[in-house]
Amino acid sequence: QEYVAMKLEVTQWGERAARVKDLVASAQAQGQKVFMLAATLRSETMYGVTNVFVSPTVKYGVYRASTTKGNSSGQDALYICTPRAARNLAYQGLLKEEDKVDQIGEIDGKELLGTKVHPALSANKEVYVVPMESIKDNKGTAIVICMPADSPDDWVTTLDLRKKSEYYNIDPSWVAAEPIPVLTTPTYGDLTAVALVEQMKINSPKDIKQLAEAKEIAYKEGFYGGTMLVGKFKGEKVEDIKTRLRDELVSMDCAFVYSEPENLVMSRSQ
Ligand code: ZZB
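Nothing here was measured: the structure is a model prediction, and the numbers come from that model.

Reading the values: rules and limits
Residues numbered from 1 in each chain as written. Predicted model: local features only at pLDDT ≥ 70, side-chain atom pairs only at ≥ 80, totals over all residues. Heavy atoms only, no water. Helix = DSSP H or I, 4+ residues; strand = E, 2+ residues; numbered from the N terminus. Expected span 1.5 Å × (residues − 1). Buried < 20%, exposed > 50% of the residue type's maximum accessible area, 1.4 Å probe, protein only. Arc of directions from axis to C-beta. Contact = heavy atoms within 4.5 Å. Salt bridge = Lys/Arg side-chain N within 4 Å of Asp/Glu carboxyl O. Core = buried A, V, L, I, M, F, W, Y, C linked by side-chain atoms within 4.5 Å. pLDDT = per-residue confidence, 0-100. Near = heavy atom within 4 Å. Polar contact = N/O pair within 3.5 Å; in protein donor to acceptor, adjacent residues only side chain to side chain.

> What am I meant to see in helix H7 (residues 208-225) here?
An α-helix turns once per 3.6 residues; consequently, residues spaced three or four apart project the same way. Its 18 residues give H7 an end-to-end C-alpha distance of 25 Å, which sits within 8% of 26 Å, the value for a rise of 1.5 Å per residue. Within H7 the residues assigned to the buried category are Leu 211, Ala 214, Ala 218, Glu 221, Gly 222 and Gly 225. One side of H7 carries all its buried residues, which in axial view fall inside an arc of 115°. Away from its buried face, by an angle of more than 90 degrees, H7 presents the exposed residues Ile 208, Lys 209 and Tyr 224. Where the residues of H7 are buried, they touch helix H4 (152-163), strand E10 (183-184), helix H6 (192-199), strand E11 (227-228) and helix H8 (238-251).

And the structure:
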């Protein structure tokens, strides 16, 4: 399975990121950029990113990026992802030293909450890192783009974070961004996920079965029936432009393609 890893540049560390800030201080002082890596199959939705999700209970690491593969700037840079993802990247030549995972330090997901990152293409130039409890650390990078217009999970999670910001220990302003229409589908319109969540009366991120069903529908509608509403490929079918958009993100040095080993792909359906 091929994923696109979006390179989300950290633009401002949050108040809880003191330990991380120390960890990367000397690299940042030398001008190195720090990127959170978000794994996605839906890079065409990047125009409407409103947040970035991490699991508050997952441990992430900081790693040195390859200066060739996945990094056309050739500059030293740092990546944040799970140790499992880092091993995977190392074997694919995407870290500084091939086949070697040199972890600079460890971070708890909760330390990243409130940090700001820059998602390429998005109408929102900076978005906040917020928690998503259902993130699994055995898939992707365990860092996930929040795209509430087309992902039912993301919309329901956003609503829950707004409703219970105290419980989640976040500032309500972090989740204030509204869903941004990016593609239109024949059955559900410009905000496919919002329409599905409403129609199926999904109230909580814990409605796992309904959310799985809604996700399946949103995927199919978006991929086979979707038409782009914004950006360079406005008016074109998602199906026709998906690969071109991905390649463009890669050539802009905002993303790279990597693969997930088969056994881990199978565990996705757990
Ligand atoms: C942006 C996006 C926009 C996504 C969308 C989906 C949708 P799959 O098919 O199960 O492999 N994801 C990635 N890693 C994780 C993780 N560790 N835990 C939980 N969720 C994760 O799902 C791949 C998608 O699941 C990825 O694509 C990512 O969210 C999320 F409009 O990125 B996506 C209808 C879905 N729409």
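> Please clarify how the environment of Ala 17 should be interpreted in this entry.
The residue Ala 17 is located in the loop between strand E1 (2-12) and helix H1 (18-29) in this model. You can call Ala 17 buried: its relative accessible area is 0%. Taking the C-alpha atoms as reference points, Ala 17 and Tyr 219, separated by 202 residues in sequence, lie 34 Å from one another. Ignoring any residue separated from it by four or fewer positions in sequence, one finds Ala 17 in contact with Glu 111 and Thr 115.

> Got a minute to help me understand the pattern of salt bridges in this structure?
Side chains that differ in sign of charge can pair as their charged atoms come close. Applying the stated rule across the entire model yields 18 salt bridges. Among the salt bridges present, the one from Asp 253 reaches Lys 7, with a minimum N-O distance of 3.0 Å. Placement of Asp 253 in the loop between H8 and strand E12 (255-259) and of Lys 7 in strand E1 is noted, with a sequence separation of 246 residues between them. In this pair, the class of Asp 253 matches that of Lys 7, namely buried. A salt bridge links Lys 242 to Glu 44; the shortest N-O distance between them is 3.1 Å. Taken as a pair, Lys 242 in helix H8 and Glu 44 in the loop between strand E2 (33-40) and strand E3 (51-54) lie far apart in primary sequence, 198 residues in all. Overall, Lys 242 belongs to the buried group, its relative accessible area being 19%. Connected through salt bridges with shared partners, the residues Glu 2, Arg 246 and Asp 247 form a single ionic network.

> What should I look at first to understand the nonpolar core in this one?
Burial of nonpolar side chains together is a common tendency in soluble globular proteins. Ranked by internal contacts, the top residues of the largest apolar core, which has 54 residues, are Met 6, Trp 13, Met 36, Ile 80 and Leu 112. Apart from residues no more than four positions distant in its own chain, Ile 80 is found in contact with Trp 13, Val 34, Phe 35, Met 36, Leu 37, Tyr 60, Gly 61, Val 62, Ile 107, Leu 112 and Ile 143. Core analysis: the next-biggest nonpolar cluster, separate from the first, contains 18 residues, Leu 37, Tyr 63, Ala 65 and Ala 90 among them.

> Would you mind going over the environment of Pro 56 with me for this structure?
When you line up the elements, Pro 56 lands in the loop between E3 and strand E4 (59-64). Counting along the chain gives 112 residues from Pro 56 to Tyr 168, while the straight-line C-alpha distance between them is 9.6 Å. Residues in contact with Pro 56, not counting those within four places in the same chain, are Gly 109, Lys 110, Pro 131 and Met 132.

> Could you clarify how one ought to interpret H4 in this entry?
Spanning twelve residues, H4 covers 17 Å between terminal C-alpha atoms, matching the ideal 16 Å at 1.5 Å per step. Along H4, the residues classified as buried are Pro 152, Asp 154, Trp 155, Val 156, Thr 157, Thr 158, Asp 160 and Leu 161. Where H4 is buried, its residues meet E3, strand E8 (127-131), strand E9 (143-146), helix H5 (165-168), H6 and H7.

> Looking at this structure, I do not really get the environment of Leu 94. What am I missing?
Relative to the helices and strands, Leu 94 resides in the loop between helix H2 (83-91) and strand E6 (103-108). According to the relative accessible area criterion, Leu 94 is buried, its value standing at 2%. The sequence separation of Leu 94 and Leu 191 amounts to 97 residues, and the corresponding C-alpha distance is 35 Å. Leu 94 has contacts with Ala 65, Ser 66, Lys 69, Gly 70, Tyr 79, Leu 89, Phe 256, Val 257 and Tyr 258, leaving out every residue within four places of it along the chain.

> Is there a simple way to think about the confidence of the model for the protein in this case?
Caution applies to low-pLDDT parts of the model: their predicted coordinates are not meant to be read in detail. Averaged over every residue, the pLDDT of the protein is 95; the share at 70 or more is 97%. This model gives residues 265-270 a pLDDT under 50, and the stretch forms nine contacts once residues within four places in sequence are excluded.

> What is the right way to read the site of the ligand from this model?
Residues in close proximity to the ligand total 18 residues, the closest being Tyr 3, Thr 40, Lys 136, Lys 139 and Lys 215. Contact between the ligand and Lys 136: a nitrogen atom at 2.7 Å from a main-chain N or O atom of the residue. Between an oxygen atom of the ligand and a side-chain N or O atom of Lys 215, the distance comes to 3.1 Å. Contributing elements (two or more residues each) for the shell around the ligand: E2 and H7.

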